[in-house]
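Each chain is listed here by its residues.
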Amino acid sequence: IFAMNRKKAVEKSIEYIKRKFENNPHLFLSEEDVRGHLFCELLKRFNKLQKTKDNKETIPLHLNISFFGSKGHLSERPDVVILDVETVDLYTAQRGKNLSKGFEFEKAPFGIEIKLNRNGSKNRVLKELEADLIKSKNLLNRNKELKLYVVYLDKKALLEDEDIKQFQSTYIAKIIYATPNT
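Residues numbered from 1 in each chain as written. Predicted model: local features only at pLDDT ≥ 70, side-chain atom pairs only at ≥ 80, totals over all residues. Heavy atoms only, no water.

*Asks:* Residues and numbers for the packing of aromatic side chains, please.
*Replies:* Summed over the entire model, instances satisfying the criterion amount to three aromatic pairs. Taken together, a centroid distance of 6.2 Å and an interplanar angle of 45 degrees make the contact between Phe-21 and Phe-28 tilted. Given a relative accessible area of 0%, Phe-21 falls into the buried group. A ring pair is formed by Phe-167 and Tyr-171, whose centres lie 6.4 Å apart and whose planes are at 35 degrees; its orientation type is tilted. Look at Phe-167 and you get buried, because its relative accessible area is 11%. The class for Tyr-171 is buried, based on a relative accessible area of 12%. Taking the ring centre of Tyr-16 as reference, the NZ or CZ of Lys-44 above it sits at 5.8 Å. The side chain of Lys-147 reaches across the aromatic face of Tyr-149, ending 5.4 Å from its centre. (Phe/Tyr/Trp six-rings, centres within 6.5 Å; stacked < 30°, edge-to-face > 60°. Buried < 20%, exposed > 50% of the residue type's maximum accessible area, 1.4 Å probe, protein only. Lys NZ or Arg CZ within 6 Å of the ring centre and 35° of its normal.)

Structure below.
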């Protein structure tokens, strides 16, 4: 899938999960449910085996892949990541380089952070959203080409459009905020 098509595929998948949540928020009892539904939707679009840098095969879609943070440690992990598979090296560690992850990659064009508010206060929602946006900012500092999305599903519908606009004007990550229709 080419770059623009990949972006469209990611955004269509996120939009699909957003609509599912808006129409039936009870499908999602936990963040893991949201992550699982999104992963399944993305897997329809990112399921093709591709050759890695070291001629192995994997798919672009993965969960909780560690990125190097601002201090050079593996400290940042988006919930969902789409890698450029041709930049993945799965067996570098076997060639004498000791990698804590057992693999390395040069490019990950997309990362998605997921939050589900079941019964938290507005203050808690704002703090969680800001924490994810700060995490996103840290990821972008070391991974300039990364397109980040923060998907926040709020069963209590606590935030106003102005809250989201304020965060969106401050942070680069794209915020997708959804509340139940009922």
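*Asks:* Please give an account of the nonpolar core that cites residues and values.
*Replies:* Among the nonpolar cores identified, the biggest contains 24 residues, and Phe-67, Phe-105, Ala-108, Leu-129, Leu-133, Leu-146 and Ile-175 are the most heavily contacted of them. For this core, the secondary structure elements donating two or more residues are helix 3 (122–142), strand 10 (147–154), helix 4 (161–170) and strand 11 (174–178). Per-element accounting of this core gives the leading share, five residues, to helix 3. Core analysis: the next-biggest nonpolar cluster, separate from the first, contains 23 residues, Ala-9, Phe-21, Phe-28 and Leu-116 among them. (Core = buried A, V, L, I, M, F, W, Y, C linked by side-chain atoms within 4.5 Å. Helix = DSSP H or I, 4+ residues; strand = E, 2+ residues; numbered from the N terminus.)

Any functional reading would require information beyond the geometric quantities listed.
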